[in-house]
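Chain by chain, the residues run as shown.
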Amino acid sequence: MPELPEVETIRSRLAPGLTGRKLERVEILDPRLTRPEPPELVAAALEGERVADVRRRGKYLVVVFESGRHLLVHLRMTGNVLHPAPEGRKDDPHVRAVVRLDDTSDVVYRDVRRFGTWDLLEPGELEGYFAARRLGVEPLGRAFTAASLGRSLAGRKAPVKAALLDQRAAAGIGNIYADEALWYARIHPLTPAGQLDDEQVAALRAGVRKALQLGIRRQGATLRDYRSSDGSEGRMQHEFRVYGRADEPCERCGTPIAKTRVAGRGTWYCPACQPSELGSVA
Ligand SMILES: [Zn+2]
């Protein structure tokens, strides 16, 4: 599932080709994409819009139009936006939308599992949309401080990993980068979020940023489906410290990496570097 670094990689590759272009023709082939809005209405509303910028907020791609409207694209499990359109797309059953630009190139939205969404917002609706979803601050932005992270975790009994996944403390972190961040911070993923002391909160903030920045530098992680907008693979999967590495030695101490489940998600950690706070209490 694409997380912040994967979405940022797609955004940065899409932006130069889309910015300044007008959407000449929009075909939405899968009604699930725009639900509950009828796809033909959204397609008609998009035609004629000119792209002012392509931004990102958390895991959302935000296409900004000169009209002040925004198209929010959430890729969920397997969505991707491809430009230029790949060869052989006419026979590709997973293409869910095609946008013809005024330079005659096509942008293709592809999604195998079909959980991705397109939401077209009218001018002025963007902040309310994110607020309604309790989307936290950008973890690579200035607002993500140890103090802000501490405030959003305070009093919470949920495991710290679950707190990172729910997007309220910071937007854009998913299963991979949560595990990596907790390893950098030397925090056990099941530690109740509200139990972290100031030093651990500061370490967690630093760990989140380190994991995400490395992910962006490596153009994301390619596991199964993820590709960038030009079809290229990321390289972050070669840099994982714990994610998916059960029984392999921890890079820091040599202890075999352990696997557990937190919030229903496979979770990897080093039992020596990330000791259980619960264990010391029991
Ligand atoms: Zn270790």
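Our subject in this report is the structure included herewith. (Residues numbered from 1 in each chain as written. Predicted model: local features only at pLDDT ≥ 70, side-chain atom pairs only at ≥ 80, totals over all residues. Heavy atoms only, no water.)

**Description of the coordination of the zinc ion**
And then number 1: Protein-derived ligands of the zinc ion are Cys 250 (SG), Cys 253 (SG), Cys 270 (SG) and Cys 273 (SG), with the metal-ligand distances lying across 2.2 to 2.4 Å.
And then number 2: Considering all four donor atoms around the zinc ion, angles at the metal cover 100 to 113° and the coordination shape is tetrahedral.
And then number 3: Each donor residue of the zinc ion belongs to the same chain, and together they define the spacing C-x2-C-x16-C-x2-C. Of the two residues, Cys 250 is situated in the loop between helix H7 (198–217) and strand E9 (258–262) and Cys 270 in the loop between strand E10 (265–269) and helix H8 (277–281); the sequence distance between them amounts to 20 residues.
And then number 4: Among the residues examined, Cys 250 registers a relative accessible area of 4% and is labelled buried. (Donors = N, O, S within 2.8 Å, 3.2 Å for Na, K, Ca; no water. Tetrahedral: all angles 85-135°; square planar, octahedral: opposite > 155°, others 65-115°. Helix = DSSP H or I, 4+ residues; strand = E, 2+ residues; numbered from the N terminus. Buried < 20%, exposed > 50% of the residue type's maximum accessible area, 1.4 Å probe, protein only.)

**Re empty space enclosed by the protein**
And then number 1: A complete count under the given rule lists one cavity of 30 Å³ or more for this structure.
And then number 2: Put simply, the largest cavity is a space of about 230 Å³.
And then number 3: Taken together, 20 residues make up the lining of the largest cavity; nearest its centre are Leu 18, Val 63, Leu 71, Val 99 and Val 107.
And then number 4: Only helix H1 (4–18), strand E2 (51–57), strand E3 (60–65), strand E4 (70–74), strand E6 (95–101) and strand E7 (106–111) provide two or more residues apiece to the lining of the largest cavity.
And then number 5: Considered class by class, the residues forming the lining of the largest cavity number 20 nonpolar, no polar and no charged. (1 Å grid on protein atoms, 1.4 Å probe; cavity = no way out; pocket = protein on both sides within 12 Å on 5 of 7 lines; lining within 4 Å. Points joined across faces, edges and corners; volume = space filled by probe spheres on them. Nonpolar A, V, L, I, M, F, W, Y, C, P; charged D, E, K, R; others polar.)

**Comments concerning the packing of H1 against H7**
And then number 1: It is the contact of H1 with H7, at a shortest axis distance of 8 Å, that shows an interaxial angle of 35°. Pair H1 / H7 crosses with right-handed handedness. Contact residues: H1 offers Leu 4, Pro 5, Glu 8 and Thr 9, while H7 offers Leu 212, Gly 215 and Ile 216.
And then number 2: Grouping the constituent residues of the contact of H1 with H7 by class yields four nonpolar, two polar and one charged. (Axes fitted to C-alpha atoms, helices over the stretch in contact; angles between N-to-C directions. Left-handed = near helix turned anticlockwise from the far one by under 90°. Contact = heavy atoms within 4.5 Å.)

**A look at the packing of aromatic side chains**
And then number 1: Across all of its chains, the model carries seven aromatic pairs by this definition.
And then number 2: Judged by centre distance (5.3 Å) and plane angle (70°), the ring pair of Trp 183 and Tyr 184 falls under edge-to-face. By the burial criterion, Trp 183 is buried, and Tyr 184 matches it.
And then number 3: An aromatic cluster is built from Tyr 60, Tyr 129 and Phe 130, whose rings are joined through pairwise contacts.
And then number 4: Taking the ring centre of Phe 130 as reference, the NZ or CZ of Arg 57 above it sits at 5.5 Å.
And then number 5: The ring centre of Trp 183 lies 3.7 Å from the NZ or CZ of Arg 252, which sits over that ring. (Phe/Tyr/Trp six-rings, centres within 6.5 Å; stacked < 30°, edge-to-face > 60°. Lys NZ or Arg CZ within 6 Å of the ring centre and 35° of its normal.)

**Description of the pairing of E3**
And then number 1: Burial analysis of E3 places six of its six residues in the buried class, which makes it a mostly covered element.
And then number 2: Residues Tyr 60, Val 62 and Val 64 line one face of E3 and the alternating positions Leu 61, Val 63 and Phe 65 line the opposite face, and both faces are buried.
And then number 3: Strand direction decides the pairing type here: E2 and E3, joined by six bridges, are antiparallel. The residue of E3 that forms the bridge with Arg 55 is Val 62.
And then number 4: Counted between consecutive antiparallel strands, the loop separating E2 from E3 contains two residues, among which Gly 58 sits at a positive phi close to 60°.
And then number 5: Two strands pair when backbone bridges link them, and E3 and E4 are joined in this way by five bridges, in the antiparallel orientation. Residue pairing across strands places Leu 61 opposite Val 73, the latter belonging to E4.
And then number 6: Hairpin geometry of E3 and E4 is characterised by an intervening segment of four residues between the two adjacent antiparallel strands and by a positive phi of about 100° at Gly 68. (Pairing = 2+ DSSP bridges.)

Read these as geometric descriptors, not functional statements.
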